[in-house]
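What follows is the residue order along each chain.
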Amino acid sequence: MSDVPETSKREEDEDNTPDTEDQSEDSSDDGEASGDTEMDFLRNLFSKTLGISGEKVLDELTLEGVASYIKSGKCKNIICMVGAGISTSAGIPDFRSPDTGLYSNLQKYNLPYPEAIFQIDYFKKHPEPFFALARELYPGQFKPTVCHYFIKMLKEKGLLKRCYSQNIDTLERVAGLESEELIEAHGTFYTSHCVSFMCRKEYSLDWMKVKIFSDEIPKCEKCNSLVKPDIVFFGENLPKRFFSSVAMDFPRCDLLIIMGTSLQVQPFAALVDRVSKSCPRLLINLEKTGGENPLLGMIGLGGGMDFDSAKAYRDVAHISTCDDGCLELADLLGWKVELEEVVKREHEKIDSKAQEEQANQSDGAAGKVEPANAESAKVYSGKAESGKTKAE
Ligand SMILES: [Zn+2]
């Protein structure tokens, strides 16, 4: 369950990012950040219209070129931008992928229109379809991919500025990224909150999971309002931290690595243009994506990436799965063995924990068993069709 569909939020929100709420986190940078935004915009506008181009940083526009740049020591702040493609090898369906047939599968929920299932107003009146779908798509296990561990490795090498994720599957956290290094642009299933503004009590993923699989609409234990996972619905704002962090991080980025996203959802997609003109951008994806928007290009606001034209000087497209791309890059960096070991070790840990949990469950069968594991495994293997929806 990665990737909530695009939100209605647009970039203008950036301007009214309230200082108050973020002050605690990034007090020193905050005032500067809003000024930066404007300056970046002007700088971009001028450099684009005047035809000033960035400096060529990479020796060659290949994965090798990127690797030797990283090894040179000049590349200190790497930003990763990731989408559903980094989680598909973990067996997590992409909401937007036509293969999952998600939207065509929604008829049984009697929605007025398919997107209503992620619409906040509809959800507050009819939460059943959303939770039925959540149960249906709930991953059998949460096992991060090679790509997730590669990002974690960037962190450990002191190279990761931040990871911007469109995914809501929490795998970055499972792989070991801390809240501070992570911007979950579309929110996360990791936490849930009571929808009542007066209450806003927080609930954990474990709590939510029990509710989801017990066929029970999650209600707040304090005030009996609905409880909703912290994923961003249509009609809801992107997390404030998204906008303030973008303004701080992107101008200081030395290398942007974009993985597993088709860059079609705003405002996420536009982030590729927020780095400096000299900052190399590496795309690891199954297809080339993120090219220039022709309309904006005409008025000099261009944007988008240029992999192949005669003027290409900083964008590298590596067409492969995210896992393969990360392994190849790790190999070029001399990290491959280390990465493979981390993946093996971490996966073993997750497996043995799952086994333990299963054992505990069968031990205390009559106790407070949550059917989660067994049930989700069934759902996972395609059983979910039985459609025990309560939607009227
Ligand atoms: Zn409440």
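Labelled according to an unreviewed UniProt entry, the protein appears under the name NAD-dependent protein deacetylase, originating from Umbra pygmaea. Per its UniProt entry, the protein bears the Subcellular location (unreviewed entry) comment "Nucleus". Its UniProt record, at the heading Function (unreviewed entry), says of the protein: "NAD-dependent protein deacetylase."

1. Remarks on the overall build of the protein
The helix and strand inventory of the protein stands at 12 helices and 9 strands. Across the 392 residues in the protein, those meeting the buried criterion constitute 39%. For the protein, restricting intrachain contacts to residue pairs at least 6 apart in sequence, the fraction spanning at least 24 positions comes to 74%.

2. Re the nonpolar core
Generally speaking, soluble globular proteins have nonpolar side chains that are buried together. With 82 residues, the main nonpolar core has Cys 80, Phe 150 and Leu 256 as its most contacted residues. With sequence-adjacent residues up to four places away left out, Cys 80 is seen in contact with Ile 151, Cys 163, Tyr 164, Ile 257 and Met 259.

3. What about the UniProt feature "active site" (unreviewed entry) in the protein?
UniProt marks His 186 with the feature "active site" (unreviewed entry), using the numbering shown here. Here His 186 is to be found in the loop between strand E3 (182-184) and strand E4 (187-194). Judged by the 26 C-beta atoms lying within 10 Å of it, His 186 falls in the buried class.

4. With respect to the pairing of strand E8 (residues 281-285)
Burial of E8 is extensive: 5 of the 5 residues sit out of reach of the surface. Of the two faces of E8, both are covered, the one formed by Arg 281, Leu 283 and Asn 285 as well as the one formed by Leu 282 and Ile 284. Inspection of the sheet shows strand E7 (residues 255-259) paired to E8 by 4 bridges, in the parallel sense. By the bridge assignment, Ile 258 is partnered in E8 with Leu 283. Relative to strand E9 (residues 315-319), E8 runs parallel, the two being bridged by 5 bridges. By the bridge assignment, Leu 282 is partnered in E9 with Val 316.

5. Description of the sheet that holds E4
Strand order in the open sheet formed by 3 strands is E5-E4-E6, and the pairing between neighbours is antiparallel. Edge positions in the sheet fall to strand E5 (202-204) and strand E6 (227-231), since each has one partner strand and no second. Pairs of neighbouring strands in the sheet enclose a mean axial angle of 40°, with direction left out of account.

6. Here we look at the pairing of strand E2 (residues 160-165)
For E2, the buried fraction is high: 6 of the 6 residues fall into the buried class. Relative to E2, strand E1 (residues 78-82) runs parallel, the two being bridged by 5 bridges. Looking across to E2, one finds that Met 81 is bridged to Tyr 164. Here 3 bridges tie E2 to E3, and the two strands are oriented parallel to one another. Paired with Ser 165 across the strands is Glu 184, a residue of E3.

7. What about the sheet that holds E7?
Strand order in this open sheet of 6 strands is E3-E2-E1-E7-E8-E9, and the pairing throughout is parallel. For this open sheet the edge positions go to E3 and E9, each flanked by a neighbour on one side alone. Each adjacent strand pair in this sheet contributes to an overall mean axis angle of 15°, direction not counted. Packing of helix H2 (residues 63-71) onto the sheet brings it into contact with E7, E8 and E9, and relative to E9 it is tilted by some 120°.

8. So, helix H5 (residues 146-156)
Among the 11 residues that make up H5, 10 are buried, leaving the element largely enclosed by the rest of the structure. Three or more residues of H5 are buried, namely Val 146, Cys 147, His 148, Tyr 149, Phe 150, Ile 151, Lys 152, Met 153, Leu 154 and Lys 155. Looking at the packing, one finds that the buried side of H5 touches E1, E2, helix H6 (171-175), E7, helix H10 (322-333) and helix H11 (336-363). Looking at the residues trailing H5, positive phi occurs at Gly 158, about 75°.

9. Let's talk about the UniProt feature "binding site: Zn(2+)" (unreviewed entry) in the protein
Taken from the UniProt record, the annotation "binding site: Zn(2+)" (unreviewed entry) applies to Cys 194, Cys 199, Cys 220 and Cys 223. A maximum C-alpha distance of 8.9 Å is found for the annotated residues, which run over 30 residues; spatially they form one tight group. With respect to the helices, strands and loops of the structure, Cys 199 is situated in the loop between E4 and E5. Residue Cys 199 is classed as partly exposed on the basis of its 14 C-beta neighbours within 10 Å. Once residues within four sequence positions are removed from consideration, Cys 199 is found in contact with Cys 194, Cys 220, Lys 222, Cys 223 and Ser 225. Structurally, Cys 223 is set in the loop between helix H7 (205-213) and E6. For Cys 223, the residues in contact, after removing those within four places along its chain, are Cys 194, Ser 196 and Cys 199.

10. Overview of the environment of Pro 229
Checked against the element boundaries, Pro 229 lands in strand E6. Along the primary structure Pro 229 and Thr 191 are separated by 38 residues, whereas in three dimensions their C-alpha atoms are 6.1 Å apart. Excluding its chain neighbours within four sequence positions, the residues that come into contact with Pro 229 are Phe 189, Ser 192 and Met 208.

11. Let's talk about H2
Listing the buried residues of H2 in full gives Val 66, Ala 67 and Ile 70. Buried residues in H2, looked at end-on, bunch into an arc of 100°, giving them a common side. Contacts from the buried residues of H2 go to E7, E8, E9 and H10.

Rules used in this analysis
Residues numbered from 1 in each chain as written. Predicted model: local features only at pLDDT ≥ 70, side-chain atom pairs only at ≥ 80, totals over all residues. UniProt positions renumbered as here; feature names shortened; annotations may be inferred. Helix = DSSP H or I, 4+ residues; strand = E, 2+ residues; numbered from the N terminus. Buried ≥ 20, exposed ≤ 12 C-beta atoms within 10 Å, placed from the backbone. Contact = placed C-beta atoms within 7 Å. Core = buried A, V, L, I, M, F, W, Y, C linked by C-beta atoms within 7 Å. Pairing = 2+ DSSP bridges. Axes fitted to C-alpha atoms, helices over the stretch in contact; angles between N-to-C directions. Arc of directions from axis to C-beta.

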